[in-house]
Amino acid sequence: MRNADGIPNLVGAIYDAALDASRWPSVLEQFAHVFGSTSAHLSEDNVTSTGGKLMSYGFDPVFAGLYAQYYASRNILWKNILQRSLDGVLTDRIIMPRDELVRSEFYHDYLQPQGGEEVLCFIGAPHQDVCMNLVLMREHRSGVWGTKEMKALAAVTPHFSRSLEINRQIGDLRIVSELADEALYHINCGVIFVDAHASVLFANRVAESLFENRGLRLGQNRLLAPLASETKALHRLIAGTALSGIGDSLVISRPSGAPLLVSATLMKARSAPASGVILFVRAIDACTTPNLSSFVRHFRLTRAEASFAAELIKADGVSAAAERLGISRATARTHLIHIFQKTGTGRQAELVRLMLTWAEPAARRTGHA
């Protein structure tokens, strides 16, 4: 426990959220502060399907948004909870064998990149096939969740459950969906959901500004680039990602301003029969080095590897990055291999997407949790 003295104030905040659901993000922040977790989450998981939603403090909003779109169906912890009919206060080590969790896609691609290797959770009672759960996560180096922390969480959870019941009675449990969507809308990176035919399903604030400034545009609701050749390449990227499940990146020019780096990854909505694609869009400014300090610290990159990563994110290739750094291509390839090994990635496009999300100044890395 980091701040056990803060529990009375936490309980008060929980009851404030009972009458005003917009206070839940602040409550999650207090949970993280009191329990010393990297992040705190209010999850809405379905007991009869693989669906789920997530409202988070301390997670990159893109990752929180992707829970409903992709990772809820791959949440191996939730699947084990259902299979074993578990409830109450649990840790990941109680829910399932540690080695099985560590081998999973959910751990490698979702928990670990956001510092969520150790999980402490409270599983609520189901209501109309939906469980509202509280999840606290922290890095492995912060230690395994212990009995003291489990008892402290167990003392708080009756208040947590009662507050959610009051929310439910006044019809305010739409909060998870609405606030998660709002967080995704305001992230400082272009986020666009498209179907396999490049029809736009969702675009956040930054992406909408790109439409207005001719970086990207819409034609009969299909996503288009300024040049016909780039539009064809963009549509091939989207269709290929939807078909194969393997994303990639490309650079799109703009009539004015820096070119755009577009990175694609597969999205699978639980209610949709077809696969969609999520696009992350960022302007490439050759004069500006992205802030990758959190990425560097988390994956323990050396100074040379960090410098190379900052050049590689500009998306013009290994050779160009090596030339700007004044190193040989062989040295650059060595750096790349080491970064692949440390981050668990295997392709440049996958690595660039990971760096793009970590470059965002998310609350987890700027807050006091």
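The coordinates are above.
For every chain, the first residue of its written sequence is number 1, and the numbers climb from 1 along that sequence. Local features in this predicted model are restricted to residues whose pLDDT is 70 or higher, and side-chain atom pairs enter the listing and the counts only when it is 80 or higher, whereas totals over whole chains, interfaces and linings include all residues. By convention in this description, side-chain values take in all heavy atoms of the structure and omit both hydrogens and water.

A separate point is the nonpolar core. The set of buried Ala, Val, Leu, Ile, Met, Phe, Trp, Tyr and Cys residues whose side-chain atoms join them within 4.5 Å is what this entry labels a nonpolar core. With a 1.4 Å probe rolled over the protein chains alone, any residue whose accessible area is under 20% of its type maximum counts as buried; one over 50% counts as exposed, and the rest are partly exposed. If you look at the biggest cluster of nonpolar residues, it comprises 33 residues, and the most contacted ones within it are Leu 77, Ile 95, Tyr 110 and Leu 111. Counting from the N terminus, the helices are the DSSP runs of H or I reaching at least four residues and the strands are the DSSP runs of E reaching at least two. If you list the elements that add at least two residues to this core, you get helix H3 (61-69), helix H4 (76-84), helix H7 (105-111), strand S4 (118-123), strand S5 (130-138), strand S6 (190-195) and strand S12 (276-283). Leu 10, Ala 21, Leu 42 and Met 132 belong to the second largest nonpolar core, which has 31 residues in total.

Here a pair means two rings of Phe, Tyr or Trp (six-membered ring of Trp) with centres within 6.5 Å. Their orientation is stacked below 30 degrees between planes, edge-to-face above 60, and tilted elsewhere. Under the counting rule described, the total for this entry stands at 11 aromatic pairs. With 6.0 Å between their ring centres and 45° between their planes, Tyr 67 and Tyr 110 make a pair best called tilted. Linking Tyr 67 in helix H3 with Tyr 110 in helix H7, this pair joins segments that are 43 residues apart in sequence. The two residues Tyr 67 and Tyr 110 agree in class, both being buried. Relative to Phe 160, the ring of Phe 122 has its centre 6.0 Å away and its plane inclined at 85°; by these criteria the two rings are edge-to-face. Residue Phe 122 is found in strand S4, and its partner Phe 160 is found in helix H8 (residues 147-169); the two are separated by 38 residues along the sequence.

So, about the sheet that holds S5. Hydrogen bonding along the main chain pairs the strands of a sheet, whether they run parallel or antiparallel. The strand order across the open sheet formed by five strands is S2-S1-S5-S4-S3, and the pairing between neighbours is antiparallel. Two strands close off the open sheet at either side, each with one partner strand: strand S2 (52-57) and strand S3 (88-91). With strand direction ignored, the average angle separating the axes of adjacent strands in the sheet is 20°. Seen against the sheet, helix H2 (residues 24-35) touches strand S1 (39-46), S2 and S5 and runs at an angle of roughly 65° to S2. Throughout, a contact is declared for two residues whenever any of their heavy atoms are within 4.5 Å. Every angle, taken between N-to-C directions, lies between 0 and 180 degrees, and every axis is a line fitted to C-alpha atoms, over only the stretch in contact when it is a helix. Here H8 sits on the sheet and contacts S1, S3, S4 and S5; the angle it forms with S4, its principal contact strand, is near 45°. At least two DSSP bridges between two strands are needed for those strands to be called paired.

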